[in-house]
Amino acid sequence: MHVIDTHAHLEEITGLDAALERAKQAGVVAIIAVGVDLASNKRILEIADRYKGFVYPALGLHPGNLGDIAHREAAFQHIESNLERVVAIGEIGLDYFYKEARKEGEARQSQRQAFNRALSLARDSGKPALIHSRGSWKDSLALAQESGVKKAVFHWFSGPLDVLDKIMEVGYFISASPAAEYSPAHKQAIARATVDRLLLETDSPVTYNGVASEPAHVIRTLKAVAELKKSAVELIAETTSNNAKGLFHLKFD
């Protein structure tokens, strides 16, 4: 039984070599390593080079890591110069839970500008967009659609079901995290989503119920999804892995 962790911040994991070995032992056959700013993007490429055929890089600019204009420009230039090396553009998106972005204003406008630029890179390169949409689910979907992006993943989706239905209608994906074990909103979304629109992830090293996650914990996600879908874990593993292979053009048996 093989699984793919489609969203992990490997550069933040302490003891990475050991963590990746545990992932392999657990049945993980590939990891999408996701960047959030210039420094992490550079580190992600180094890690992917070190673990070729197992770690695949995605470069992005998280709405919580926009920094000043100079940082944004440097981050985007770095992404643009490495488009051929990546399997996705992300983590990108909007986050209205941040204090400064809870109301309409400059912070939201800055997020939208950066998100639109990143979406343009995804559209023009044909790479999937890995979208962070916390508290901004409707706007994030609207901007993705308006940009013309054909392939997208709404990472750790916990938003309204009407937005989820539209995400699936246009052919985008959502990803399930270990929060599918206990988060009511996330569980509701996973239960509603069709398996052909689902991916698995950990968002490592995010903490779930007091425990820092790592890629091996994607098995927790798998089991939680199988329970919610009332399906065999083997079927969920096979379907979500095939979804990820097709979306990210991963080439392995």
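**Student:** Would you mind going over the overall build of the protein with me for this structure?
**Tutor:** The secondary structure content of the protein amounts to nine helices and 10 strands. Against the 2.2 N^0.38 benchmark of 18 Å for 253 residues, the protein shows a C-alpha radius of gyration of 17 Å, consistent with a compact globule. Each of the three principal axes of the protein carries a C-alpha extent, and together these read 45 × 40 × 35 Å. For the protein, buried positions account for 56% of its 253 residues.

**Student:** How do you make sense of the nonpolar core when you look at a structure like this?
**Tutor:** One broad trend across soluble globular proteins is that nonpolar side chains are buried collectively. Grouped together as the largest cluster of nonpolar side chains are 68 residues, with contacts concentrated most on Leu10, Val55, Phe157 and Ile174. Sequence-distant contacts of Leu10, that is, excluding residues within four places in its chain, are made with Leu16, Leu20, Ile31, Ala33, Ile44, Ile47, Val55 and Pro215. By size, the runner-up hydrophobic cluster in this structure holds 16 residues, among which are Tyr56, Leu130, Leu199 and Leu247.

**Student:** It is not clear to me how the packing of helix H5 (residues 137–147) against helix H6 (residues 161–169) should be interpreted in this structure. Could you clarify?
**Tutor:** Axes are the key here: two packed helices are described by the angle between their axes and the distance separating the axes. Packing of H5 against H6 brings their axes to within 10 Å, and their N-to-C directions diverge by 20°. The pairing of H5 with H6 is recorded here as roughly parallel in orientation. Between H5 and H6 lies a crossing of left-handed hand. On H6, the residues that touch Trp137, Lys138 and Leu141 of H5 are Val163, Lys166 and Ile167.

**Student:** What is the right way to look at helix H4 (residues 106–125) in this model?
**Tutor:** Along an α-helix, residues three or four apart share an orientation, since each turn contains 3.6 residues. Compared with an ideal rise of 1.5 Å per residue, which puts 20 residues at 28 Å, H4 spans 29 Å between its outermost C-alpha atoms and is within 8% of the ideal. Packing partners of the buried residues in H4 comprise helix H3 (69–81), strand E4 (88–93), strand E5 (129–132) and H5. Two residues or fewer after H4 comes Gly126, characterised by a positive phi angle close to 75°.

**Student:** Hey, could you run me through the sheet that holds E5 in this one?
**Tutor:** Taking strand neighbours across the sheet as the criterion, the eight strands line up as E1-E2-E3-E4-E5-E6-E7-E8 in an open arrangement whose pairing is parallel. Strand pairing shows two members of the sheet lacking a second neighbour, strand E1 (3–8) and strand E8 (198–200), which therefore form its edges. Averaged over all pairs of adjacent strands, the angle between their axes in this sheet comes to 30°, without regard to strand direction. Pairing of strand E2 (residues 28–34) with strand E3 (residues 55–59), which is carried by four bridges, proceeds in the parallel orientation.

**Student:** Help me understand the pattern of salt bridges in this model?
**Tutor:** If the charged atoms of two oppositely charged side chains come close together, the side chains can form a pair. Enumeration according to the criterion identifies 15 salt bridges in this entry. Notably, a salt bridge pairs Glu73 with Arg117, separated by 2.9 Å at the nearest N-O pair. Pair noted here: Glu73 is in helix H3 and Arg117 is in helix H4, with a separation of 44 residues, a long-range link. We note a salt bridge from Asp139 to Arg112, for which the minimum N-O separation is 3.5 Å. With a gap of 27 residues between them, Asp139 in helix H5 and Arg112 in helix H4 connect regions that are remote in the sequence. Counted as one network, the salt bridges with shared partners bring together Glu104, Arg108, Arg112 and Asp139.

**Student:** Where do I start with the side chain of Asp203 in this structure?
**Tutor:** Counting through the fold element by element, Asp203 comes out in the loop between E8 and strand E9 (207–208). Here Asp203 occupies a buried position and makes no salt bridge, while the nearest side chain of opposite charge, Arg134, is found at 9.3 Å.

**Student:** Looking at this structure, I do not really get the side chain of Glu214. What am I missing?
**Tutor:** Position of Glu214 among the secondary structure elements: in the loop between strand E10 (211–212) and helix H8 (218–229). On the basis of relative accessible area, Glu214 is assigned to the buried category, the value being 14%. Those residues within four positions of Glu214 in sequence are excluded, and the remaining contacts are Ala19, Arg22, Thr202 and Ser204.

**Student:** Could you clarify how one ought to interpret the packing of aromatic side chains in this entry?
**Tutor:** The relative placement of two aromatic rings is captured by the distance of their centres and the angle of their planes. The tally for this structure, following the rule as stated, stands at three aromatic pairs. Seen in terms of ring centroids, Trp156 and Tyr208 are 5.3 Å apart; in terms of plane orientation they differ by 40°. Their pairing is tilted. With Trp156 in the loop between strand E6 (152–154) and H6 and Tyr208 in strand E9, the pair connects residues that are 52 residues apart, well separated along the chain. Between Arg108 and the ring centre of Tyr96, over which it is positioned, the NZ or CZ distance is 3.7 Å. When the ring centre of Phe173 is taken as reference, the NZ or CZ atom of Arg197 above it lies at 4.3 Å.

**Student:** Help me understand unusual backbone geometry, please; the structure alone is not making it clear to me.
**Tutor:** Residues apart from glycine generally show negative phi values, whereas peptide bonds are mostly found in trans. Residue Gly90 is joined to Glu91 through a cis peptide bond whose omega torsion reads 25°. A positive phi is found at Asn209, a non-glycine position, where the angle reads about 50°. Structurally, Asn209 is set in the loop between E9 and E10.

Criteria and thresholds
- Residues numbered from 1 in each chain as written.
- Predicted model: local features only at pLDDT ≥ 70, side-chain atom pairs only at ≥ 80, totals over all residues.
- Heavy atoms only, no water.
- Helix = DSSP H or I, 4+ residues; strand = E, 2+ residues; numbered from the N terminus.
- Rg over C-alpha atoms; globule rule 2.2 N^0.38 Å.
- Buried < 20%, exposed > 50% of the residue type's maximum accessible area, 1.4 Å probe, protein only.
- Core = buried A, V, L, I, M, F, W, Y, C linked by side-chain atoms within 4.5 Å.
- Contact = heavy atoms within 4.5 Å.
- Axes fitted to C-alpha atoms, helices over the stretch in contact; angles between N-to-C directions.
- Parallel < 35°, antiparallel > 145°, perpendicular 65-115°, else oblique.
- Left-handed = near helix turned anticlockwise from the far one by under 90°.
- Expected span 1.5 Å × (residues − 1).
- Pairing = 2+ DSSP bridges.
- Salt bridge = Lys/Arg side-chain N within 4 Å of Asp/Glu carboxyl O.
- Lys, Arg positive; Asp, Glu negative; His and termini not counted.
- Phe/Tyr/Trp six-rings, centres within 6.5 Å; stacked < 30°, edge-to-face > 60°.
- Lys NZ or Arg CZ within 6 Å of the ring centre and 35° of its normal.

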